[in-house]
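Architecture at a glance
Single-letter residue listing:
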Amino acid sequence: MPITEEIIFEALRNVEDPELMVNIVDLGLIYGIGVDDLDDGRVNLRIVMTMTTPACPFAPQMIEDVKQALLELELVNEVEVEVTLSPPWTPDRMTEDARDELGMF
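Summarised in this report is the structure supplied together with it. (Residues numbered from 1 in each chain as written. Predicted model: local features only at pLDDT ≥ 70, side-chain atom pairs only at ≥ 80, totals over all residues. Heavy atoms only, no water.)

Before going further, it helps to examine helix 1 (residues 5-12). Along helix 1, the positions that sit buried rather than exposed are Ile-8, Ala-11 and Leu-12. On an axial view of helix 1, the arc spanned by its buried residues comes to 100 degrees, and they lie on one face. Projecting away from the buried face of helix 1 at angles above 90 degrees are the exposed residues Glu-6 and Glu-10. In the core, the buried residues of helix 1 are packed alongside helix 2 (24-27), strand 1 (30-37), strand 2 (43-49) and helix 3 (59-71). (Buried < 20%, exposed > 50% of the residue type's maximum accessible area, 1.4 Å probe, protein only. Helix = DSSP H or I, 4+ residues; strand = E, 2+ residues; numbered from the N terminus. Arc of directions from axis to C-beta. Contact = heavy atoms within 4.5 Å.)

The following block contains the structure:
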């Protein structure tokens, strides 16, 4: 089965922000996904993400969690994670599910 954005987002929903305890997809921390097909049928992934704050103390852990979640997918060869702070994250990027989990109405 080929790796699709839907499969990637589903895997990333298993990664939570350790401070907020909400998955990084519903928080709106994923800004972009790139898939590079390799000759052997495998793929390299590029993830562009942000943090809820520029000085997030959990950034290294979250980056590693993203890599591990995606490397568990069949056919994923390598995962590169780029952290960007532009544009800065705001609560407007959250899904309704994330708002509900955090009690934001």
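Additional details are given in the paragraphs that follow.
This brings us to the nonpolar core. A general feature of soluble globular proteins is that nonpolar side chains tend to end up buried together. Grouped together as the largest cluster of nonpolar side chains are 30 residues, with contacts concentrated most on Ile-24, Ile-47, Met-49, Val-66 and Leu-70. Contributions of two or more residues to this core are made by helix 1, helix 2, strand 1, strand 2, helix 3 and strand 3 (76-83). Considering each element in turn, this core owes the most residues, five residues, to helix 3. Setting aside its immediate chain neighbours within four residues, Met-49 contacts Ile-24, Leu-29, Ile-30, Tyr-31, Met-62, Val-66, Val-81, Glu-82, Val-83 and Thr-84. (Core = buried A, V, L, I, M, F, W, Y, C linked by side-chain atoms within 4.5 Å.)

Right, let's get into the packing of helix 1 against helix 3. Between helix 1 and helix 3, whose axes approach to 9 Å, the crossing angle comes to 130 degrees. Comparing their axes, helix 3 and helix 1 come out oblique. Of the two elements, helix 1 crosses helix 3, and the hand of that crossing is right-handed. Each of Ile-8, Ala-11 and Leu-12 in helix 1 lies in contact with helix 3, whose residues at this interface are Val-66, Ala-69 and Leu-70. (Axes fitted to C-alpha atoms, helices over the stretch in contact; angles between N-to-C directions. Parallel < 35°, antiparallel > 145°, perpendicular 65-115°, else oblique. Left-handed = near helix turned anticlockwise from the far one by under 90°.)

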